[in-house]
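# Inside the fold
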Amino acid sequence: MAKKVQDTALLDPAVMRPALLAALHKLDPRALVSNPVMFVTEVVAALTTLLFLRNLALGSGAAFLVAQIAAWLWFTVYFANFAEAMAEGRGKARADSLRSTQSETPAKKLASPDTRDVETVSSRSLRTGDIVLVEAGDIVPADGEAIDGVASVDESAITGESAPVIREAGGDRSSVTGGTRVVSDWLKVRVTAKPGESFLDRMIALVEGAKRQKTPNEIALNILLVGMTIIFLLVVVTLEPFVAYSGAFVPVAYLIALLVTLIPTTIGGLLSAIGVAGMDRLVKANVVAKSGRAVEAAGDVDTLLLDKTGTITFGARMADGFYPLPGVREPDLTEASLYASLSDETPEGRSVVELARKLLPRGVEQRASVKQAVAFSAQTRMSGVDLVDGTELRKGATDAVLAWCETGSSKTLTDIVERIAKSGGTPLLVARDRRPLGVIHLKDIVKPGIRERFAELRRMGVRTVMITGDNPLTAAAIAAEAGVDDFLAEATPENKLELIRKEQAEGKLVAMCGDGSNDAPALAQADVGVAMNTGTPAAKEAGNLIDLDSDPTKLIEIVMVGKQLLISRGSLTTFSIANDVAKYFAILPALFVTAYPGLGALNVMGLSSPGSAILSAVIFNALVIIALIPLALKGVKYTPASAAKLLRHNLLIYGLGGLVVPFIGIKAIDLVVSALALA
Ligand SMILES: Nc1ncnc2c1ncn2[C@@H]1O[C@H](COP(=O)(O)OP(=O)(O)OP(=O)(O)O)[C@@H](O)[C@H]1O
Ligand SMILES: [K+]
Ligand SMILES: [Mg+2]
């Protein structure tokens, strides 16, 4: 299902062709009014067109020049629309390819829950409430709930975990996901989501959501752009009396065209495309955002909370050895550990069973009949079984099991536990009938390369905090090895929530990821909450981003995407504003040199005529938008660095560049325009 989505080429014709048309539709002033800078440009383009028609009617010689100016002004609006349409088209293409990964499969539909007479239909024809039979080798045709049977199911298509999981009727392992494969046995499944309404479908609808809400940052920037537009409007309006007073003649068409070259058209035209492209980069990483705001917040994150197990270390902690306490035989501890784990479906539990079976003679577990299983929970930090013969077995975090035994630790126990913990392993204390027997060593392995990623985050000024239910010694060992900035040990979901609130109270933006129902409050509280796709519905409801790969390290990538979005917008804004300021000095002298010969000294560019100056400036203004479309879609190159360093770098490249480029560009265009005698 949620396989990596293919990337579309930057200027993929399949995206470009519809975008060329969509850009025309976007010329509708009712749509354009939400982008004030481009709306003003369109009004100016329309006025210039009217002036051209008047010139034509009067037989004025300037008609050809005014026509050219009008055409370039229309191009300006059109290409800004085109940039936005391209960004939207790429997002849509991505959603389509996401959808195509959900393939159609045959389904064995049952007339009633009690029969086994099947009718083979397409998965697409299934409706909520339908009952289907899935047997070994079948693909589960839709999201649903097991109502009969037990089966092992390979869910690697959505979870990436290769070990099959047990799904059975009743209880909390009854939910099955469309697209997963039954490995053994059979299930009768009641369909809970009809095709087109599965979780992934709803996510796709969000990606496509054409009515994208502006983020608060975008709104603030828009206000700034409107402010600049008003200032330049005043500048141009007040120029008119000067021109009239001096008795010189500068056509009205020139003056209003001048307005477009001075207002921030570049960023005004590309702003929306930059935002859409940011969302699209996330989808490319197989992450779906519920709002653009979450993506921006990710770029501003100060503190990143990461779980230890599965994020910093490999998900499956493997049992590595059994260490009995004095007076306990090792096979006895091993057997007790095996029994205590028989009903434990966690990776830790499975690995204890596996290791114990390897060490013990065959057939041992047949002597045990389980009366009641005690499942692991993050609150109790313990799991086990009660046997029919009255034996109670538990294993779990040392302090939790000691509390269950109502005893304190002994010197030998403390030694064993500390040795394991200091090596970064998780010690699990095993007890029978409230008497400690010994310790299981769960090996925890730090993922390779994670240290470098934390170093990158530190360079960006993001503080990383590792959270674990493990003891402080193990936590410290792993924290040091992974290179996180801080850690919280023996954490419960409540502690997590507290920590988030504390950070936020200090004015920090917090990001975290989670999957369980008990993560939901923390996910909702965090500024950026990434829910795993395999997580509970509550977690997915609470998060503002959802990772379809259910990869907790994705949080790091999400922060990078957010930063790149903010930096792309900042860089292009700097460039755009520097450009407009430069144009003021580049064209005003040329435009007024005939009226005020004194300005000749300022006409450093030596533009050939006022007409050529204004036409060249308008052409340059349109071409800059086209030239920057790829940058807006792809995002500016981004290497992790502190905000101050990035700001300096950007001011240098985009600020200085923005000041210089118009002088060169307008001069070059002026040479062409005058050579071709266009003005
Ligand atoms: N299957 C299990 N049975 C019994 N005890 C367990 C089991 N799994 C973990 N524990 C104990 O409970 C503690 C807390 O586990 P929990 O899964 O909440 O946190 P963690 O895995 O250490 O960290 P993370 O929050 O990154 O998952 C562990 O440190 C371990 O001592
Ligand atoms: K401009
Ligand atoms: Mg865990």
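As the structure is a computational prediction, the values presented were derived from the model and not from experiment.

Across its full length, the chain holds 22 helices and 20 strands. The C-alpha radius of gyration computed for the chain amounts to 33 Å, which surpasses the reference 26 Å derived for 679 residues by more than 25%, pointing to a less compact arrangement than a globule. With respect to the principal axes defined by its C-alpha atoms, the chain has extents near 110 × 65 × 35 Å. By the burial criterion, 51% of the 679 residues in the chain qualify as buried. Across the chain, every contact between residues at least 6 apart in sequence was considered, and the portion connecting residues at least 24 apart equals 70%. Split by element, the accessible area of the chain, about 29400 Å² in all, is 61% carbon and sulfur. Charged side chains in the chain number 68 positive and 72 negative. The centres of these two groups are separated by 4 Å.

The next subject is the domain arrangement of the chain. Domain annotation for the chain reports domain 1 (13–94 + 207–284 + 560–676), domain 2 (106–197), domain 3 (300–312 + 447–548) and domain 4 (316–442). When each unit is reduced to the centre of its C-alpha atoms, the spacing between domain 2 and domain 4 is 34 Å.

We now examine unusual backbone geometry. Unlike most non-glycine residues, E406 shows phi in positive territory, near 55°. Its location among the elements puts E406 in the loop between α13 (398–405) and α14 (411–422). Even without glycine at this site, R434 takes up a positive phi of about 65°. Considering the arrangement of structural elements, one finds R434 in the loop between β14 (426–432) and β15 (435–443).

With mixed pairing, the seven strands of this open sheet are ordered in space as β8-β20-β19-β18-β9-β16-β17. Edge positions in the sheet fall to β8 (287–289) and β17 (486–488), since each has one partner strand and no second. If you compare each strand with its neighbour and ignore which way they point, the axes differ by 20° on average. Where strand β9 (residues 303–307) and strand β16 (residues 463–467) come together, five bridges link them in parallel fashion. Each bridged residue has a counterpart across the sheet, and for D307 the counterpart in β16 is I467. Against the sheet, helix α20 (residues 554–592) touches β8, β9, β18 (510–514), β19 (528–532) and β20 (545–547), its axis set at about 160° to β9.

With 120 residues, the main nonpolar core has I69, L258, L270, L304, F454 and L545 as its most contacted residues. Top element by residues in this core is α20. It accounts for 16 residues. There are two domains that each give this core at least three residues, and those are domain 1 (13–94 + 207–284 + 560–676) and domain 3 (300–312 + 447–548). In contact with L270, other than residues within four places in its own chain, are A83, L572, I625, L628, I629 and A632. Core analysis: the next-biggest nonpolar cluster, separate from the first, contains 23 residues, L360, V385, V430 and L437 among them.

Let us look at the site of ligand 1. With respect to spatial proximity, 21 residues lie near ligand 1, and among them T309, R317, D344, S383 and D470 are the closest. Within the backbone of K308, an N or O atom sits 2.9 Å from an oxygen atom of ligand 1. One of the side-chain N or O atoms of R317 is found 2.8 Å from an oxygen atom in ligand 1. Contact with the protein chains covers 91% of the free accessible surface of ligand 1, which is 590 Å². For the shell around ligand 1, the elements supplying multiple residues, two or more each, are β12 (382–387), β13 (392–396) and β14.

The description of two helices packed together rests on the angle between their axes and the distance between the axes. With their axes 7 Å apart at the nearest point, α14 and helix α16 (residues 472–482) run at an angle of 20° to one another. Taken together, the axis directions place α14 and α16 in an arrangement best described as roughly parallel. Between α14 and α16 the crossing geometry is right-handed. Taking contact as the criterion, the partners of E418, A421 and K422 in α14 are, on α16, L473, T474 and A477. Within the contact of α14 with α16, the residues separate by chemical class into three nonpolar, one polar and two charged.

Reading the values: rules and limits
Residues numbered from 1 in each chain as written. Chains lettered and ligands numbered in written order. Predicted model: local features only at pLDDT ≥ 70, side-chain atom pairs only at ≥ 80, totals over all residues. Heavy atoms only, no water. Helix = DSSP H or I, 4+ residues; strand = E, 2+ residues; numbered from the N terminus. Rg over C-alpha atoms; globule rule 2.2 N^0.38 Å. Buried < 20%, exposed > 50% of the residue type's maximum accessible area, 1.4 Å probe, protein only. Contact = heavy atoms within 4.5 Å. Areas by Shrake-Rupley, 256 points an atom, 1.4 Å probe, with all protein chains shown as cover. Lys, Arg positive; Asp, Glu negative; His and termini not counted. Charge placed at Lys NZ, Arg CZ, Asp CG, Glu CD. Domains from an automatic or database assignment. Pairing = 2+ DSSP bridges. Axes fitted to C-alpha atoms, helices over the stretch in contact; angles between N-to-C directions. Core = buried A, V, L, I, M, F, W, Y, C linked by side-chain atoms within 4.5 Å. Near = heavy atom within 4 Å. Polar contact = N/O pair within 3.5 Å; in protein donor to acceptor, adjacent residues only side chain to side chain. Parallel < 35°, antiparallel > 145°, perpendicular 65-115°, else oblique. Left-handed = near helix turned anticlockwise from the far one by under 90°. Nonpolar A, V, L, I, M, F, W, Y, C, P; charged D, E, K, R; others polar.

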